[in-house]
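Fold and contact review
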Amino acid sequence: QVADSGGGLVQAGGSLRLSCVASGRDFNIYNMAWFRQSPGEEREFVAAISWGSPSPIYATSVQGRFTISRDNAKNTVYLQMNSLKPEDTAVYYCAVDPRSWAMILSRRRDVYDNWGQGTQVTVSS
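Described in the following lines is the structure provided in the data block. These numbers were taken from a predicted model, which means no experiment stands behind them. (Residues numbered from 1 in each chain as written. Predicted model: local features only at pLDDT ≥ 70, side-chain atom pairs only at ≥ 80, totals over all residues. Heavy atoms only, no water.)

**What about the pattern of salt bridges?**
What counts here: Any carboxyl oxygen of Asp or Glu within 4 Å of a side-chain nitrogen of Lys or Arg constitutes a salt bridge here. Going along the chain from the N terminus, every DSSP run of H or I of four or more residues is numbered as a helix, and every run of E of two or more is numbered as a strand. Relative accessibility thresholds used throughout: buried, under 20% of the residue-type maximum; exposed, over 50%; partly exposed, between the two (1.4 Å probe, protein chains only).
Tallied over the full model, the rule gives six salt bridges. Linking Asp88 and Arg36 is a salt bridge whose minimum nitrogen-to-oxygen distance equals 2.9 Å. In this pair, Asp88 sits in the loop between β8 (76–81) and β9 (90–96) while Arg36 sits in strand β4 (residues 32–37), placing the two residues 52 residues apart along the sequence. Each member of the pair, Asp88 together with Arg36, is buried. A salt bridge links Arg109 to Glu42; its shortest N-O distance comes to 3.1 Å. Residue Arg109 is found in the loop between β9 and β10 (119–124), and its partner Glu42 is found in the loop between β4 and β5 (44–49); the two are separated by 67 residues along the sequence. Judged by relative accessible area, Arg109 falls into the partly exposed class, the value being 37%.

**Focus: the pairing of β4**
Heads up, the condition is: What makes two strands pair is DSSP finding at least two bridges between them.
The buried fraction of β4 is high, at five of six residues. Where β4 meets β5, five bridges bridge the pair, whose relative direction is antiparallel. In the sheet register, Arg36 faces β5, and the bridge partner there is Glu44. Between β4 and β5, which follow one another and run antiparallel, lie six residues, and Gly40 among them has a positive phi close to 80°.

**Section: the sheet that holds strand β3 (residues 16–22)**
Cut-off, in case you're wondering: To obtain each axis, a line is fitted to C-alpha atoms, and for helices this fit is confined to the stretch in contact; angles are then taken between N-to-C directions over 0 to 180 degrees.
Read across the sheet, four strands follow the order β1-β3-β8-β7 without closing on themselves; strand pairing throughout is antiparallel. Of all strands in the sheet, those bounded by a partner on one side alone are β1 (2–5) and β7 (66–71). Here the average twist between neighbouring strands, direction ignored, is 15°. Two elements, β1 and β3, share four bridges in a ladder whose sense is antiparallel. Bridge pairing links Ala3 to Val21 in β3.

Written out as structure tokens, the structure is:
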């Protein structure tokens, strides 16, 4: 299971840090990702981080503003969001790639399972 938190209301240009705590499995052998969903929209990829590689991947829309990281000792993955824009408003979800030691980071929603409950991020203009 995963539990995500850290959302809130912030003005444009501000920052938030989301957290996702995983339990019930060996956290450090799985790739992790963040997705987001706005009302009426499909759930879209935001960022993903490997169990072992130091090179995460990002959606073009957040590249340079968001940073994904993980602390295996705490079974936690983070999403640091800076320079937030109103278009970043969405419910953010973390998810686990169930393939242990997967060598390729995926942007595909259907690769991931064990979704968090979601945390609302609202950016005001």
